Amino acid sequence: MARPLSLYLHIPFCDWKCTYCDFNSYAGLDDLIPAFTRALLREIEISGPRVAGRPVETIFFGGGTPSLLPIADLEQILGRIRDSFGVTENAEISLEANPGTVDREKLEAMRGAGINRLSFGVQSFDDAELKFLTRIHDAETAMRAYEDARAAGFDNINLDFIFGLPGQTQESWQHTLDRAIELRPEHLSLYILTVEDNTPLGHDVARGRVAEADPDFVAGLYESTCGLMSRAGYEQYEISNWSLPGRQCRHNLTYWRNGDYLGLGPGAHAHVDGKRFAVVRSPQKYIRTMGIEAGAFPLGIHEQVEEVSAADDMADSAWLALRLNEGLDLQEFAGRHGREFAEAFPGAARYIDEGLLERVDGRLRLTARGRLLSNEVFAALVGGSPP
C-alpha cells in the first residue's frame, strides 16, 4: 500500500503584516491574487502525477491569510486538488483564518467548498495585547467569528494564542485562557512568543524600546497553562498543542511523525521520498516561473533541494517525535532506521539521568520538566546525529 501524503498550500497575502511575524507573507499585494491563483492551479496540476498513487489524507491552507482568498478561487483550488491527487474520502482539510476577514456568509461558503477544519489566529482576548501585536481584529470580532463558524457548520475548530508577551500579566493570560475554554473549541494551540530578529518587534527589542518577557515568568505561565488545560478536559499531545479527546490535528501529526508532505505555493517546504525542497519565496517570481508554457515542471520553481541523509533522517525522527507527549516509539525507530536509538544517540542518556527524558512502555519522551528545556534536548539530538 502506498504511503500517505499531506499537502500544504501557502497563501502569502495579508491585510496587514503583524509586528512579530517573520512568515513569508506580504501586505498590499492583493492585486496579485488572480495571477497567483492561476499559478497555484498549474502547480497543483503538474505536481499530482509526481506523487501518483499516494493517498492524500490531510490538506492545509496556511499563510499569510488564506481566508483572504475569494471563495471562487478557493473552490477552484480544491477542485484542482481533487482532480490531480488521490484525496481520501475522510481527508482533514484545514484553513487558517484571521477573524477580521470572515463573516457567516463566507464561512458557510468555505464549509460548502469542502473545508472541514478552521484555525483562527486569535492570539489574545485582551484588546491591549491585540493592539500591541498589531492584529486587525479585537476580542469581540474574534468571538463573533467563532460563533459564525459554528453556525456555518464547522465542528472542528482550532484557536491560536500567544503568551509571553512583553508586559503580559498572569491575570491577562488567565482571562484569555478562560474565555477560550468557555468556547470549547476542539483544539487549542498555545505558543510562547518568539522574537525574531528580522521583524519590527525584533528591531524594537534590539534597540531597547521593548523589553522581552522574563523567561522564568514565561516558564511559570507555561506550567500553569498545562495544569489549567488538563483540568478543563483538554489533552496535551504536543509541546504547544492541546485538543479534546480524539481531535488532534492530523496534518501537524504528519510533521511530528516525520512523514511525507508536499508544499505548494511561494515559500512552501516539502519532504517527499527522501528529499527536502522549497518553492521560491517571492510571489512575483513564483507567478512568473509558473507562467512558463512548457508542459514539464518549470525549472527554477524549487530551491534548497537536498537529499536527506540517513543521519539527518534519524535526527528528525527523534526530535520531532519528542515534541509529542506520546514520545518516540523506540521499536519503530529501530525498524525504520536500522539502528537502536541508544546506539545512534548515546548522548541522550545524559538527559535521562538529568530527568529531562524518560522511558515509558517502549517509548522515550520528555518529562514535564523536559518540555520546559526541550530546545536544549533537541539541539543535542540534531547536533549529535551519527555519521
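Here, every reference points to the structure presented above.
Worth saying up front: this structure is predicted, and the values here are computed from it rather than measured.

S.K.: Explain the environment of Ala232 to me, and be specific about the residues and the numbers.
M.R.: Note that Ala232 resides in the loop between α8 (215-231) and β9 (235-238). Relative accessible area serves as the criterion here: at 16%, Ala232 is assigned to the buried category. Residues Ala232 and Ala151, spaced 81 residues apart in sequence, show a C-alpha to C-alpha distance of 24 Å. When near neighbours in sequence (up to four residues on either side) are disregarded, Ala232 contacts Ile181 and Arg184.

S.K.: Outline the pairing of strand β13 (residues 275-279), supporting the account with residue identities and numerical values.
M.R.: Taken together, the 4 bridges between strand β12 (residues 269-272) and β13 define a ladder with antiparallel strand orientation. Considered in β13, the bridge of Val272 is made with Lys275. Between β12 and β13, which follow one another and run antiparallel, lie 2 residues, and Asp273 among them has a positive phi close to 50 degrees. Relative to strand β14 (residues 302-307), β13 runs antiparallel, the two sharing 4 bridges. Bridge assignment links Arg276 to a residue of β14, and that residue is Glu306.

S.K.: Go over the packing of helix α1 (residues 33-47) against helix α10 (residues 283-290), please, and point to the residues and values.
M.R.: Packing of α1 against α10 leaves a shortest axis separation of 9 Å and a crossing angle of 55 degrees. Between α1 and α10, the interaxial angle falls into the category oblique. Crossing geometry of α1 relative to α10 is assigned as left-handed. Only Tyr286, Ile287 and Met290 of α10 make contact with α1, whose side of the interface consists of Ala35, Phe36, Ala39, Leu40, Arg42, Glu43 and Ile46. Of the residues assigned to the contact of α1 with α10, the class counts are 8 nonpolar, no polar and 2 charged.

S.K.: Explain the nonpolar core to me, and be specific about the residues and the numbers.
M.R.: Core analysis: the largest hydrophobic core is formed by 104 residues, its most contacted members being Phe61 and Phe120. The element that contributes the greatest number of residues to this core is α1, accounting for 8 residues. In this structure Phe120 touches Ala97, Pro99, Val102, Leu107, Ala145, Tyr146, Ala149, Ile157, Asn158, Leu159 and Asp160, once residues within four positions along its chain are discounted.

S.K.: Tell me about the sheet that holds strand β16 (residues 357-360), residues and numbers included.
M.R.: Taking strand neighbours across the sheet as the criterion, the 3 strands line up as β15-β17-β16 in an open arrangement whose pairing is antiparallel. Single-partner strands in this sheet number two, and they are β15 (328-329) and β16. Relative to strand β17 (residues 363-366), β16 is paired through 4 bridges, and the arrangement is antiparallel. Of the residues in β17, the one forming a bridge with Arg359 is Leu364.

S.K.: Account for the layout of surface pockets, with residues named and values stated.
M.R.: By volume, the second largest pocket is sized at about 380 Å³. Along its surface, the second largest pocket is lined by 14 residues, and Pro4, Glu57, Thr254, Gly259 and Asp260 are the ones closest to its centre. When residues of the lining of the second largest pocket are traced back to their parent elements, those giving at least two are β1 (5-11), β4 (55-63) and α9 (250-256). With 3 residues, the top contributor of residues to the lining of the second largest pocket is α9.

S.K.: Break down unusual backbone geometry for me, with residues and values.
M.R.: Of the consecutive residues Gly63 and Gly64, the connecting peptide bond is found in the cis state with omega at 15 degrees. With respect to the element layout, Gly64 can be found in the loop between β4 and α2 (71-84). Phi is positive for Thr134, close to 60 degrees, though the residue is something other than glycine. By the element assignment, Thr134 lies in the loop between α4 (127-132) and α5 (139-151).

Reading the values: the criteria
- Residues numbered from 1 in each chain as written.
- Predicted model: local features only at pLDDT ≥ 70, side-chain atom pairs only at ≥ 80, totals over all residues.
- Heavy atoms only, no water.
- Helix = DSSP H or I, 4+ residues; strand = E, 2+ residues; numbered from the N terminus.
- Buried < 20%, exposed > 50% of the residue type's maximum accessible area, 1.4 Å probe, protein only.
- Contact = heavy atoms within 4.5 Å.
- Pairing = 2+ DSSP bridges.
- Axes fitted to C-alpha atoms, helices over the stretch in contact; angles between N-to-C directions.
- Parallel < 35°, antiparallel > 145°, perpendicular 65-115°, else oblique.
- Left-handed = near helix turned anticlockwise from the far one by under 90°.
- Nonpolar A, V, L, I, M, F, W, Y, C, P; charged D, E, K, R; others polar.
- Core = buried A, V, L, I, M, F, W, Y, C linked by side-chain atoms within 4.5 Å.
- 1 Å grid on protein atoms, 1.4 Å probe; cavity = no way out; pocket = protein on both sides within 12 Å on 5 of 7 lines; lining within 4 Å.
- Points joined across faces, edges and corners; volume = space filled by probe spheres on them.

On their own, these measurements won't tell you what the molecule is for.
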